[in-house]
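What follows is each chain in one-letter form.
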Amino acid sequence: MADDGLFEFLHMEIVSYCHNNDLKDEKENALAKLECMGYRVGQRLVERLTKECSRFKDELDTMKFICKELWTVVYRKQIDNLRTNHQGVYVLQDHKFKLLTQLSDGKQYLDSALKFLAFPCGLIRGALSNLGITSVVTAEVNTMPACKFQIQIQRV
Amino acid sequence: MSRQTARPTDSRKVSAELFTLTYGALVSQLLKDYENDDDVNKQLEKIGYNIGIRAIEDFLARSNVTRCNDFRETADVISKIAFKMFLGISPAVTNWSPAGDEFSLLIENNPLTDFVELPEGHNKLNYSCVLCGALKGALEMVQLEVDVKIVQDQLKGDNVTELRVKFIKRLEDAIPAGED
């Protein structure tokens, strides 16, 4: 049973690795790489998590699962606020996001904080994709350590 | 009407798998970025080193161990307390060298390699070498310079994963020039 702290250390190292490249085009790809990794982890994690769950009633039920069960497993707490416009846009608010709590909470590192949100965005996108929902997930930080994830469902 | 939720034991196991899955995604990415396995191994060791230098602080804060008197005690602490705390396993400490400066850690259920198979053409990849880097980094922070190598690997067909730890020297804090 791997310890919680280990995941945080590993995530920090992955962010550092992806951003350590001096080549310009590699720099732009860093966030994409992180998001891709998160996507794959999210897909696999949700498979393990929902092994014994019954089918979700609707999209909102799926989102509630992400906010409660998935968030608890990954970040040991639930999402603090879920809002939706009932037309495919969901905003998840976490007032104390676990991967940001170790960073200083002034204004100084707001830009760097986005580097730490790429993997979680991918995680959500991957989880949703394996539950049958295609989406685009973005994140924003206004005050550390709170952050908002915006999920836009792509209806084909 | 309510959906059947996952049982608590399941979700604890799954959060352990989070680390395994993330590590697997990292190794896959490294294999794409680097062409040869030796470079991947070096990166994994470097990443392990960086994790180790931080994890040791976490370990010392949470475990209340006192200073070890000799290398044998160090080996026991690593196996029974550190590995247990971070990975939930207790590798066996064996194969002591006659001089008492080398030992092996035998890991039977490596949590890093759950669900993992080595792909074709990557026989030189040491999947678990992040553990080598982590041990090296952690021990360096407590003034011990060691060399850690993987000598047996379950992913390559061996029965156990064996890490060989060799003591090199004790590190003394260097006194800044001009002070006595």
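Our structure is the block above this text.
Residues numbered from 1 in each chain as written. Chains lettered and ligands numbered in written order. Predicted model: local features only at pLDDT ≥ 70, side-chain atom pairs only at ≥ 80, totals over all residues. Heavy atoms only, no water.

Student: Just checking my understanding: could you explain the overall build of chain A for this structure?
Tutor: If you tally the helices and strands in chain A, you get five helices and four strands. Going residue by residue from the N terminus, the α and β elements of chain A occur as α-α-α-β-β-α-α-β-β. Relative to the compact-globule value of 15 Å for 156 residues, chain A shows a C-alpha radius of gyration of 15 Å, a close match. For chain A, the spread of C-alpha atoms along the three principal axes comes to 45 × 35 × 30 Å. Per-residue burial for chain A yields a buried fraction of 48% across its 156 residues. By sequence separation, contacts in chain A at least 24 residues apart represent 58% of the contacts at least 6 residues apart. Only carbon and sulfur atoms are counted for the fraction: they give 47% of the accessible area of chain A, which is about 7700 Å². Computing the positive centroid from 21 side-chain charges and the negative centroid from 20, chain A places the two 4 Å apart. (Helix = DSSP H or I, 4+ residues; strand = E, 2+ residues; numbered from the N terminus. Rg over C-alpha atoms; globule rule 2.2 N^0.38 Å. Buried < 20%, exposed > 50% of the residue type's maximum accessible area, 1.4 Å probe, protein only. Contact = heavy atoms within 4.5 Å. Areas by Shrake-Rupley, 256 points an atom, 1.4 Å probe, with all protein chains shown as cover. Lys, Arg positive; Asp, Glu negative; His and termini not counted. Charge placed at Lys NZ, Arg CZ, Asp CG, Glu CD.)

Student: Just to check I follow, could you spell out the nonpolar core for this structure?
Tutor: Side chains of nonpolar character tend, in soluble globular proteins, to be buried together. Counting residues in hydrophobic clusters, the biggest one holds 99 residues, and the most contacted among them are A:Leu92, A:Phe97, A:Leu100, A:Phe149, A:Ile151, B:Tyr23 and B:Leu87. Setting aside its immediate chain neighbours within four residues, A:Phe149 contacts A:Trp71, A:Tyr90, A:Val91, A:Leu92, A:Phe97, A:Leu117, A:Pro120, A:Cys121, A:Ile124, A:Thr138 and A:Ala139. (Core = buried A, V, L, I, M, F, W, Y, C linked by side-chain atoms within 4.5 Å.)

Student: Just checking my understanding: could you explain the pairing of strand S2 (residues 89–94) of chain A for this structure?
Tutor: Here is the key point about a regular strand: its side chains alternate between the two faces of the sheet. All names here are of chain A. Burial analysis of S2 places five of its six residues in the buried class, which makes it a mostly covered element. Two strands pair when backbone bridges link them, and strand S1 (residues 81–84) and S2 are joined in this way by four bridges, in the antiparallel orientation. Paired with Asn81 across the bridge in S2 is Gln93. Counting the residues between successive antiparallel strands, the hairpin from S1 to S2 contains four residues, one of them, His86, with a positive phi of roughly 60°. Of the pairings in the sheet, the one linking S2 to strand S4 (residues 147–153) comprises six bridges and is antiparallel in character. Paired with Leu92 across the two strands is Phe149, which belongs to S4. (Pairing = 2+ DSSP bridges.)

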